[in-house]
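Read off the chains here:
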Amino acid sequence: QVQLVESGGGLVQTGGSLRLSCAASGRTFSSYAMGWFRQAPGKERGFVAVISGRGSSTYYADSVKGRFTISRDNAKNTLYLQMNNLKPEDTAVYYCAATPGYLIAPKDSARMYDYWGQGTQVTVSS
């Protein structure tokens, strides 16, 4: 029902910025809460941020709070993750994910999401 494609990853120096995008195909994009997750080598997939269907509520992992901003443009069926002041520990494959229903609490577990993109690599040097 929903297909997701991430883009915007790449190689950046410590302290730099990147903006990731997630393009969604589907007729009811605004009815899905959307999340960003990441997976570094040797680690489990971890929560980064989530945003409610209309963009009114957001939650962030402590490790990215103040540096990353999640947003969405429902008219364009697109989810974004603005990443500033990047650190080497941010190096990972970043995934966007979708889950239907209301966001009344942080959906910080990968098991809560029904649809996933294939990921985009973010590498922070030094």
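Residues numbered from 1 in each chain as written. Predicted model: local features only at pLDDT ≥ 70, side-chain atom pairs only at ≥ 80, totals over all residues. Heavy atoms only, no water.

Enquirer: I'm lost on the state of the cysteines in this one. Help?
Expert: Here a disulfide denotes one covalent bond, and it connects the sulfur atoms of two cysteines. On inspection of all chains with the given rule, the structure shows one disulfide. There is a disulfide in this structure between C22 and C96, and the S-S distance comes to 2.0 Å. Between C22 and C96 the sulfur-sulfur dihedral comes to about 55°; the bridge is accordingly right-handed. In this pair, C22 sits in strand β3 (residues 18-25) while C96 sits in strand β9 (residues 92-100), placing the two residues 74 residues apart along the sequence. (Disulfide = S-S within 2.5 Å. Helix = DSSP H or I, 4+ residues; strand = E, 2+ residues; numbered from the N terminus.)

Enquirer: How should I be thinking about the pattern of salt bridges in this particular structure?
Expert: Opposite charge on two side chains allows them to pair when their charged atoms are near. This structure, assessed with the given rule, holds three salt bridges. Two residues, R38 and D90, come together in a salt bridge whose shortest N-O distance is 2.9 Å. Linking R38 in strand β4 (residues 32-39) with D90 in the loop between β8 (78-83) and β9, this pair joins segments that are 52 residues apart in sequence. Each member of the pair, R38 as well as D90, is classed as buried. Residue K65 pairs with D62 through a salt bridge whose shortest N-O separation is 3.3 Å. (Salt bridge = Lys/Arg side-chain N within 4 Å of Asp/Glu carboxyl O. Buried < 20%, exposed > 50% of the residue type's maximum accessible area, 1.4 Å probe, protein only.)

Enquirer: What is the right way to look at the packing of aromatic side chains in this model?
Expert: The description of two aromatic rings rests on the distance between their centres and on the angle between their planes. Throughout the structure, instances matching the rule amount to six aromatic pairs. Ring geometry for Y32 versus Y115: centroids 6.0 Å apart, planes at 75°, classification edge-to-face. Placement of the pair is Y32 in strand β4 and Y115 in strand β10 (residues 115-116), with a sequence separation of 83 residues. Ring-pair connections join several aromatic residues into one group, and the members of that group are F37, F47, Y95, Y113 and W116. Note that R45 overlies the ring of Y95, its terminal NZ or CZ placed 3.7 Å from the centroid. The side chain of R45 reaches across the aromatic face of W116, ending 4.9 Å from its centre. (Phe/Tyr/Trp six-rings, centres within 6.5 Å; stacked < 30°, edge-to-face > 60°. Lys NZ or Arg CZ within 6 Å of the ring centre and 35° of its normal.)

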